[in-house]
Amino acid sequence: MGAVTSGEMFKINRRDLLTWVGLGSVASSLPIAIAKRVASQPNAASDSSPTASQKLTTTYQFPENFFWGVATSAYQIEGAVSEGGRKPSVWDTFSAIPGRVENGDTGAVACDHYHRYKTDVELMAKLGIKHYRFSIAWPRIIPDGRGKVNEEGVDFYKRLVDCLREHGITPHATLFHWDSPQALEDLYGSWRSREMASDFADYATAVVSRLGDRITNWMTINEIPSFTHMAYAVDKQPPKAPSTRVSSLKEVWQTCHNALLAHGLGCQAIRAASPSSCSVALVADIGVTVPLTESAVDVAAAQQAFHTSWFNGGIIFPVLTGAYSPVMLEKLGADAPAIQSGDLKIIHQPLDSLGINNYTGNYIRAADNKQGFEFLDLPKAYPRMYIPWIHILPESMYWGIRHVSETLGRKNLPIFITENGCAAQDEVNDKGEVIDTDRIMYLRQYLKAAHRAISEGYPLKGYFLWSFMDNFEWESGYSRRFGITYVDYKTQRRIPKASFKWYAECIQQNRVV
Ligand code: GBH
């Protein structure tokens, strides 16, 4: 499309404009005169009688049984940190140390979801989701990390899940989203010890034996690097809790290996404790390598680079293939973790699906060097969202899914996008609305890339948008908003943003609008 001069702009009518920006379907919320005009438009798709495959690619229609959802996590939304018998997690301790979290923010109140879950679930029902991913707080269920179960903590999740089910929403529970009990940090250094893996398995048993009558979709652990590699470091104060300095990189990798063991033992514990057949997954933040072009050589380069991108070779490889990537091990040398015999068998449990958290990626091209590829730096002005690490790479959605299927050779493993979303500089305007067109732009492009994966036959089964509402964004505190619902933290008022209404329309039409 050529440049539109401001003079020409005046000739564009409202209907054209709505169609251009993809809002042609919001007829129900339009003034009646406009709604009538929209309704009287001939349906372009049926007019030109496209073939089935053309129709699929031009309308971005999703399969009938596709799961549309939203995601949150316990520490980021619940608050009520010392209520109902809960004891501190490492994030309570960490955020209480001045300077660790922006503005000195903590999760003490967060979105007060512990008290407001009913109205939050009502709002989810208005959004039209049928699936909700949340996490269960270990320090609510077993406040000392091991030993006695706190039934009052369990009761909160019973209430929440019953409320979800009353609204026709299926619960998907993550057992661990970074909130390790402080007691275990004090006792044996939490993830530095293998004991953490068996304590996690006992915690999984405690949860599933009590909630397994209400929940059948389980995820063991969310994003292993975020509480291991980013929480332990050798020469700097790591950004995430418990933020411990250790003396070697090998020790950091050991925390990661212990988390893999926890995942494996956790899978076994969930299956043993579940009263009915259930689904078990891991949630991984894979480092997505995107080929600069889709030439055969660049695609091969992206596949090769996938091994050493982020922590893939040491996490998703052992979990899905039963072995650390040899390329990764060679690169690590003496820094690789100690692996005891039998560990890999525990780690490589059968999974019912894999959850992928996708936000961004890296461009790769084939190169004339020893490894055969290179990671490309992004130009300084490459577009990003309102947080430095989210560069806009919609095709990372497609390639993340394809790498798991193809590069890891797990063709038939169902995949869920368990998180995708972005921070935006949201402001409430004088009409009391939040018009986050930048977030809509971001989400729309990523969903189109998800659709491409499905249309090429990759087994993507569902999508959970991060996040249902603004929340405690870890070391950024409340300064970064990822929600499609705005939270006014002073009053705890929820304001559905423009992206909320846009997502509701996608769900309702079962396609990207
Ligand atoms: C997820 O973390 C969390 O699960 C969620 O709790 C959080 O609120 C949400 O996303 C938004 O941050 O190598 O530059 O690409 C994401 C944490 C931070 C993990 C960036 C991967 C890669 C940085 N991620 N990181 S980069």
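What counts and what doesn't
In this convention, every chain numbers its residues from 1, walking through the sequence in written order. A pLDDT threshold of at least 70 governs which residues receive local features in this predicted model, and a stricter bar of 80 or more applies before side-chain atom pairs are shown or counted, although totals over entire chains, interfaces and linings include all residues. Each side-chain value is worked out from all heavy atoms of the structure, with water and hydrogens disregarded. A run of H or I in DSSP becomes a helix once it reaches four residues, and a run of E becomes a strand once it reaches two; helices and strands are each numbered from the N terminus. The buried label applies to any residue whose accessible area, calculated with a 1.4 Å probe on protein chains only, is under 20% of its type's maximum; exposed applies above 50%, and partly exposed to all values in between. If a single non-hydrogen atom of a residue is within 4 Å of a molecule or strand, that residue counts as near it. We define a polar contact as two N or O atoms separated by no more than 3.5 Å, with the added condition that, inside protein, one atom must be a possible hydrogen donor and the other a possible acceptor, whereas residues neighbouring each other in sequence contribute only through side-chain atom pairs. The protein chains shown are the only cover counted for residues, whose accessible areas, like all others here, come from Shrake-Rupley with a 1.4 Å probe. Planes of paired rings set the category: under 30 degrees apart is stacked, over 60 is edge-to-face and the rest tilted, where pairs are Phe, Tyr or Trp rings (Trp by its six-membered ring) whose centres lie within 6.5 Å. Comment: the charge-over-ring label is applied if NZ (Lys) or CZ (Arg) is within 6 Å of the ring centre and within 35 degrees of the ring normal. Among the buried residues, those of types Ala, Val, Leu, Ile, Met, Phe, Trp, Tyr and Cys that are joined through side-chain atoms within 4.5 Å form a nonpolar core. The criterion used for residue contact is that any of the two residues' heavy atoms lie within 4.5 Å. Cysteine sulfur atoms that come within 2.5 Å of each other are treated as a disulfide pair. What makes a salt bridge here is a side-chain nitrogen of Lys or Arg within 4 Å of a carboxyl oxygen of Asp or Glu, nothing more. Strands qualify as paired when DSSP identifies two bridges or more between them. The convention used is that axes are lines fitted to C-alpha atoms, helices contributing only their stretch in contact, and that angles between N-to-C directions extend from 0 to 180 degrees. The length a helix should cover is 1.5 Å for every residue beyond the first. Here the angle decides the label: under 35 degrees means roughly parallel, over 145 means roughly antiparallel, 65 to 115 means roughly perpendicular, and every other value means oblique. Left-handed is the label given to a crossing in which the near helix is rotated counterclockwise from the far helix by less than a right angle, and right-handed is the label when the rotation is clockwise. Residues are grouped as follows: nonpolar covers Ala, Val, Leu, Ile, Met, Phe, Trp, Tyr, Cys and Pro; charged covers Asp, Glu, Lys and Arg; every other residue, Gly included, is treated as polar.

### Some details on the overall build of the protein
- Summing up its helical and strand segments, the protein has 20 helices and 15 strands in all.
- Out of the 513 residues belonging to the protein, those deemed buried represent 57%.

### Some thoughts on the site of the ligand
- As a matter of local geometry, the ligand sits amid 16 residues, with Q76, H177, E419, E473 and W474 nearest to it.
- Y359 has a polar side-chain atom sitting 3.1 Å from an oxygen atom of the ligand.
- Within the side chain of E419, a nitrogen or oxygen atom sits 2.9 Å from an oxygen atom of the ligand.
- Starting from 580 Å² of accessible surface for the ligand in isolation, the protein chains cover 81%.

### Notes on the packing of aromatic side chains
- Applying the stated rule across the entire model yields 39 aromatic pairs.
- Seen from their ring centres, F416 and F464 are 6.5 Å apart, and the 50° between their planes marks the pair as tilted. Taken together, the residues F416 in strand β12 (residues 415-419) and F464 in strand β13 (residues 460-466) connect sequence positions 48 residues apart.
- Of the residues examined, F416 reaches a relative accessible area of 14% and is grouped as buried.
- Following the ring pairs from residue to residue traces out a cluster consisting of Y75, W91, F94, W178, F472, W474, Y478 and Y489.
- When the ring centre of F156 is taken as origin, the NZ or CZ atom of R140, which lies over that ring, is 5.9 Å away.

### Quick look at the nonpolar core
- If you look at the biggest cluster of nonpolar residues, it comprises 152 residues, and the most contacted ones within it are W218 and Y503.
- Among residues more than four places away in sequence, those in contact with Y503 are W68, G69, V70, L127, I129, Y463, L465 and I484.

### Quick look at the state of the cysteines
- Under the counting rule described, the total for this entry stands at zero disulfides.
- With no disulfide of its own, C267 lies 9.6 Å from the sulfur of C278, the closest cysteine sulfur.

### A few points about the pattern of salt bridges
- With the rule as written, the count across this model stands at 24 salt bridges.
- Ionic pairing is found between E151 and R210, a salt bridge with its closest N-O pair at 3.0 Å. Placement of E151 in helix α10 (residues 151-166) and of R210 in helix α12 (residues 195-211) is noted, with a sequence separation of 59 residues between them.
- Classification of E151 by relative accessible area gives partly exposed; the value is 38%.
- Between D426 and K497 there is a salt bridge; the shortest N-O distance is 2.5 Å. With D426 in the loop between β12 and α19 (437-455) and K497 in the loop between β15 (493-496) and α20 (498-509), this residue pair connects regions lying 71 residues apart in the sequence. An identical accessibility class is assigned to D426 and K497; each is buried.
- Because the salt bridges share partners, they merge into one network encompassing D426, D436, R439, D470, R481 and K497.

### What to know about the sheet that holds strand β4 (residues 217-222)
- Spatially, β1-β2-β3-β4-β7-β9-β12-β13 is the arrangement adopted by the eight strands of the closed barrel, whose pairing is parallel. Strand-to-strand, the axes of this sheet are offset by a mean angle of 25°, without reference to chain direction.

### Here we look at α19
- When the terminal C-alpha atoms of α19 are compared, their 27 Å separation across 19 residues agrees well with the 27 Å that a helix rising 1.5 Å per residue should span.
- Listed as buried for α19 are R439, I440, Y442, L443, R444, Y446, L447, A449, A450, H451, A453 and I454.

### Digging into the packing of helix α8 (residues 113-127) against α10
- The N-to-C vectors of α8 and α10 enclose an angle of 10°; their axes lie 10 Å apart at closest approach. Comparing their axes, α10 and α8 come out roughly parallel. When the axes of α8 and α10 are compared, the crossing they make is right-handed. When α8 is examined against α10, the residues H113, Y114, Y117, K118, V121 and M124 are found in contact with a partner set consisting of F156, R159, L160, C163 and L164.
- Broken down by class, the residue content of the contact of α8 with α10 amounts to eight nonpolar, one polar and two charged.

### Digging into α10
- Helix length check: α10, at 16 residues, gives a terminal C-alpha distance of 22 Å against a target of 22 Å (1.5 Å per residue), a fit within 8%.
- Within the span of α10, buried status applies to G153, V154, F156, Y157, L160, V161, C163 and L164.
- On its buried face, α10 is in contact with α6 (74-77), α8, β2 (131-135), α9 (138-141), β3 (170-176) and α12.
- Trailing α10 by a residue or two, G168 shows a phi angle of about 70°, which is positive.

### Overview of the side chain of D470
- You can see D470 is positioned in the loop between β13 and β14 (485-488).
- A polar side-chain atom of D470 sits 2.6 Å from a polar atom in the side chain of R481.
- When neighbours within four sequence positions are excluded, D470 is seen to be in contact with C111, D426, R481, F482, G483, T485, Y486, V487, Y489 and K497.

### A few points about the side chain of D112
- Position of D112 relative to the elements: it lies in the loop between α7 (90-95) and α8.
- In contact with D112, not counting residues within four places along its chain, are I77, E78 and Q492.

### So, the pairing of strand β10 (residues 362-366)
- Summarising the sheet, strand β8 (residues 289-291) and β10 pair through three bridges and their orientation is parallel. Bridge assignment links P291 to a residue of β10, and that residue is I364.
- In terms of strand pairing, β10 meets strand β11 (residues 373-375) through three bridges, oriented antiparallel. Looking at β11, one finds that R365 is bridged to E374.
- Between β10 and the antiparallel strand that follows it, β11, lie six residues; G372 among them carries a positive phi value of about 90°.

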